[in-house]
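Observations on the three-dimensional arrangement
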Amino acid sequence: MLRFMPVGDSMTIGSAGEHTWRYRMWQHLRATYGGPFAVVGPRETLYDKATDTPTSYEYADPDFPHFHLAGWGEGWLHMTPLIGEAVRAHRADVLLVSLGLIDLGFYTNATQTADNMRAFVAAARIARPSVRMVFLPVIPNVRAQTDAPFATEVALFNELQAKAVADLDDPRSPLLLASLPESYDVTHDTYDGTHPNASGEHKITGAFAGAMHQAWGVGGEYESTPSFAPVMAPSADPRDTAHSRTATRKSSHRPSRRPR
């Protein structure tokens, strides 16, 4: 059983009415991964813009495991203190991490953000020494087109993150740096200059999937419209789904108003 945990900010949690790249990844693994797997995490909702709370279950297609550790307006600064317990409680084997844009936009500079990224890795490994992690570079959003200092911080953080992945990679707990999604264009791949539309979701999923396939042989090459074949059930161990759902239902996670 391979347990995947998506970790991220508003681009990962998504908002009411969306599929999310998490859904696209689940479809991809169903189609290409030849063994049992589960999607795990302490949260499972979407962000509801109408109420400014992460309380929506209105997925475009709700028939998939919703679990994740992602939050609207949350970055490395917020997830680093949470990752150890999340990995431990949900026995995550692979973390798919897309963080940094919100940090650089509102909370920390590139160096501070990279320090938090390194602390995240350390905390995850304390909880599960064999955990694997795939990191997505920060995708510059529309703000980077007109805010030169912000664009510089994004570029610097991506360099620092790449260095951290190289420095911290360990055969016992491998780290991967995915490529920036191929031909990603905030005009065509987002609905507001930051958050992915369907095209953007596919490209983000493709970046994660390509890294895992090329480096670890996990899954196959990404197809935006996967052809499904009979595969083993996503979760052969009922504890994965039951445990994650129970943990989420008991959670009172309601973040304060965050920058959008």
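Please read all numbers here as calculations on a predicted model, not as lab measurements. (Residues numbered from 1 in each chain as written. Predicted model: local features only at pLDDT ≥ 70, side-chain atom pairs only at ≥ 80, totals over all residues. Heavy atoms only, no water.)

**Considering the pattern of salt bridges**
Enumeration according to the criterion identifies 10 salt bridges in this entry. The salt bridge involving Arg 88 is made with Glu 85; its shortest N-O contact spans 3.1 Å. Separated by 3 residues within a single helix, Arg 88 and Glu 85 lie in helix α3 (residues 76-90), roughly one turn from each other. Take Arg 88: its relative accessible area is 45%, and that puts it in the partly exposed class. Measuring nitrogen to oxygen at the nearest pair gives 2.9 Å for the salt bridge that ties Lys 203 to Asp 189. With Lys 203 in helix α8 (residues 198-216) and Asp 189 in helix α7 (residues 186-189), the pair connects residues that are 14 residues apart, well separated along the chain. For Asp 189, a relative accessible area of 2% translates into the label buried. Connected via shared salt-bridge partners are Arg 3, Asp 93 and Arg 128. (Salt bridge = Lys/Arg side-chain N within 4 Å of Asp/Glu carboxyl O. Helix = DSSP H or I, 4+ residues; strand = E, 2+ residues; numbered from the N terminus. Buried < 20%, exposed > 50% of the residue type's maximum accessible area, 1.4 Å probe, protein only.)

**Considering the nonpolar core**
The tendency in soluble globular proteins is for nonpolar side chains to be buried side by side. Counting residues in hydrophobic clusters, the biggest one holds 63 residues, and the most contacted among them are Leu 95, Phe 120 and Phe 135. The element best represented in this core is helix α5 (residues 110-127), accounting for 7 residues. Ignoring anything within four residues of it in the chain, the contact list for Phe 135 reads Trp 76, Val 97, Met 117, Phe 120, Val 121, Gln 161, Val 165, Leu 175, Leu 176, Leu 177, Ala 178 and Phe 208. (Core = buried A, V, L, I, M, F, W, Y, C linked by side-chain atoms within 4.5 Å. Contact = heavy atoms within 4.5 Å.)

**Considerations on the environment of Val 138**
Note that Val 138 resides in the loop between β7 (132-135) and α6 (148-168). Between the C-alpha atom of Val 138 and that of Ser 98, which follows or precedes it by 40 residues, the distance is 7.3 Å. The contacts of Val 138, once residues within four sequence positions are left out, are Leu 99, Gly 100, Leu 101, Leu 104, Val 154, Phe 157, Asn 158 and Leu 180.

**Quick look at α8**
Its 19 residues place the ends of α8 27 Å apart at the C-alpha level, agreeing with the 27 Å of an ideal helix rising 1.5 Å per residue. For α8, the full list of buried residues reads Gly 200, Glu 201, His 202, Ile 204, Thr 205, Ala 207, Phe 208, Ala 209, Gly 210, Ala 211 and Met 212. Looking at where α8 begins, the residue whose side-chain oxygen comes 3.1 Å from the main-chain nitrogen of Ser 199 is Asn 197. Once α8 finishes, Gly 217 follows within two positions and takes phi at roughly 70 degrees, a positive value. (Expected span 1.5 Å × (residues − 1). Polar contact = N/O pair within 3.5 Å; in protein donor to acceptor, adjacent residues only side chain to side chain.)

**Some thoughts on the packing of α3 against α5**
At a minimum axis separation of 8 Å, α3 and α5 run at an interaxial angle of 10 degrees. Accordingly, the angle class assigned to the pair α3 and α5 is roughly parallel. Seen from α3, the contacting residues are Trp 76, Leu 77, Met 79, Thr 80, Ile 83, Gly 84, Val 87 and Arg 88; seen from α5, they are Thr 113, Asn 116, Met 117, Ala 119, Phe 120, Ala 123, Ala 124 and Ala 127. The residue inventory of the contact of α3 with α5, partitioned by class, reads 11 nonpolar, 4 polar and 1 charged. (Axes fitted to C-alpha atoms, helices over the stretch in contact; angles between N-to-C directions. Parallel < 35°, antiparallel > 145°, perpendicular 65-115°, else oblique. Nonpolar A, V, L, I, M, F, W, Y, C, P; charged D, E, K, R; others polar.)

**Observations concerning the packing of aromatic side chains**
Under the counting rule described, the total for this entry stands at 11 aromatic pairs. Ring centres of Tyr 23 and Phe 64 lie 5.2 Å apart, and the angle between their planes is 80 degrees; this geometry places the pair in the edge-to-face category. In this pair, Tyr 23 is assigned in helix α2 (residues 21-32) and Phe 64 in the loop between β4 (53-56) and β5 (69-70), connecting sequence segments 41 residues apart. On the basis of relative accessibility, which here comes to 7%, the residue Phe 64 falls in the buried class. Measuring from ring centre to ring centre gives 6.4 Å for Phe 106 and Tyr 107, while their planes differ by 55 degrees; the resulting arrangement is tilted. On the accessibility criterion, Phe 106 (47% relative accessible area) is partly exposed. For Tyr 107, a relative accessible area of 30% puts it in the partly exposed group. One aromatic cluster is present, formed by Tyr 23, Trp 26, Tyr 59 and Phe 64 through successive ring pairs. Above the face of the Trp 216 ring, Arg 132 is positioned so that its terminal group lies 4.8 Å from the ring centre. Against the face of Phe 150 rests Arg 143, its NZ or CZ located 4.3 Å from the ring centre. (Phe/Tyr/Trp six-rings, centres within 6.5 Å; stacked < 30°, edge-to-face > 60°. Lys NZ or Arg CZ within 6 Å of the ring centre and 35° of its normal.)

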